[in-house]
Amino acid sequence: MKIREILLSLTLTVSALLVASCGIYSFTGTSIQPDVKTITIGYFEYKALKVNPTLSNTITEALKDKFTKMTKLEQVDMDGDLEIIGEVTGYDVKATAITANEQAAQNRLTVNVKITFIDRKYPENSFENKSFSAYADFDAMQQLDAVEASLCEEIVDKLCEDMFNATVANW
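Here is what the cut-offs are and how they apply
Residues numbered from 1 in each chain as written. Predicted model: local features only at pLDDT ≥ 70, side-chain atom pairs only at ≥ 80, totals over all residues. Heavy atoms only, no water. Phe/Tyr/Trp six-rings, centres within 6.5 Å; stacked < 30°, edge-to-face > 60°. Helix = DSSP H or I, 4+ residues; strand = E, 2+ residues; numbered from the N terminus. Lys NZ or Arg CZ within 6 Å of the ring centre and 35° of its normal. Core = buried A, V, L, I, M, F, W, Y, C linked by side-chain atoms within 4.5 Å. Buried < 20%, exposed > 50% of the residue type's maximum accessible area, 1.4 Å probe, protein only. Expected span 1.5 Å × (residues − 1). Arc of directions from axis to C-beta. Salt bridge = Lys/Arg side-chain N within 4 Å of Asp/Glu carboxyl O.

Okay, the packing of aromatic side chains next. Taken as a whole, this structure holds two aromatic pairs when the rule is applied. Centre to centre, the rings of F117 and F127 are 5.6 Å apart; their planes meet at 35 degrees, and the pair counts as tilted. Here F127 lies in strand β6 (residues 127–139) and F117 lies in strand β5 (residues 104–119), a separation of ten residues in the sequence. In this structure, K130 is placed above the aromatic ring of F127, and the distance from its NZ or CZ to the ring centre is 5.2 Å.

The structure is reproduced here in structure tokens:
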């Protein structure tokens, strides 16, 4: 019985090492080919009507951080093997829950972005103008100014996760 357990354990270990070493799959969920080494993430232009002066920079830096933490890609200023070009296309607050007195009980902050993804080594993976949207709700009794920073942080995290998955995780 002990020999079977040892063989099973050894088989599982060798299988895991083979999968991890093939370069296409990683335990972070990415499917980056082994010959893809660099990425360029451009500054997200702000094109939404309602202004949030820090949002473009926040999204750009958060996406760069996500790629740094989750991949081994070197970030370069120009002509990376992968490139992400993005823009903020929407920044809106709307009521989502109305009380019996026809007053807003809850509001929703929604941020929309659009990205173009260029894969110079494997052009079939590239796409243009793909839209992403994320939101966070807040109590209508609160002023947007009071909760905006924390809502934006939550929204940016969701957007970066979605953009990351769409570009290198193939989910």
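Having seen the model, we can carry on.
Bringing the nonpolar core into the picture now. Counting residues in hydrophobic clusters, the biggest one holds 37 residues, and the most contacted among them are I59, F67, V111, V113, L159 and M163. Among the elements of the structure, β1 (38–41), α2 (55–70), β4 (82–98), β5, β6 and α3 (144–169) are those that each provide at least two residues to this core. Among the elements that line this core, the one with the most residues is α3, at twelve residues.

For α2, spanning 16 residues, the distance from its first C-alpha to its last is 22 Å, which sits close to the expected 22 Å at 1.5 Å a residue. Within α2, the full set of buried residues consists of L55, S56, I59, T60, L63, K66 and F67. Taken end-on, α2 shows its buried residues confined to a sector of 135 degrees, consistent with a single buried face. In this structure, α2 carries T68 and K69 as exposed residues pointing more than 90 degrees from its buried face.

Under the criterion given, the structure shown has seven salt bridges. The salt bridge partner of E87 is K47, with a shortest N-O separation of 3.3 Å. Residue E87 is located in strand β4, and its partner K47 is located in the loop between β2 (45–46) and α2; the two are separated by 40 residues in the primary sequence. Looking at K47, the relative accessible area reads 46%, which means it is partly exposed. The residue E83 makes a salt bridge to R120 at a minimum N-O spacing of 2.5 Å. Pair noted here: E83 is in strand β4 and R120 is in the loop between β5 and β6, with a separation of 37 residues, a long-range link. With a relative accessible area of 14%, E83 lands in the buried category. Here R120 falls in the partly exposed class, since its relative accessible area comes to 37%. Salt bridges sharing common partners tie together D79, E83 and R120.

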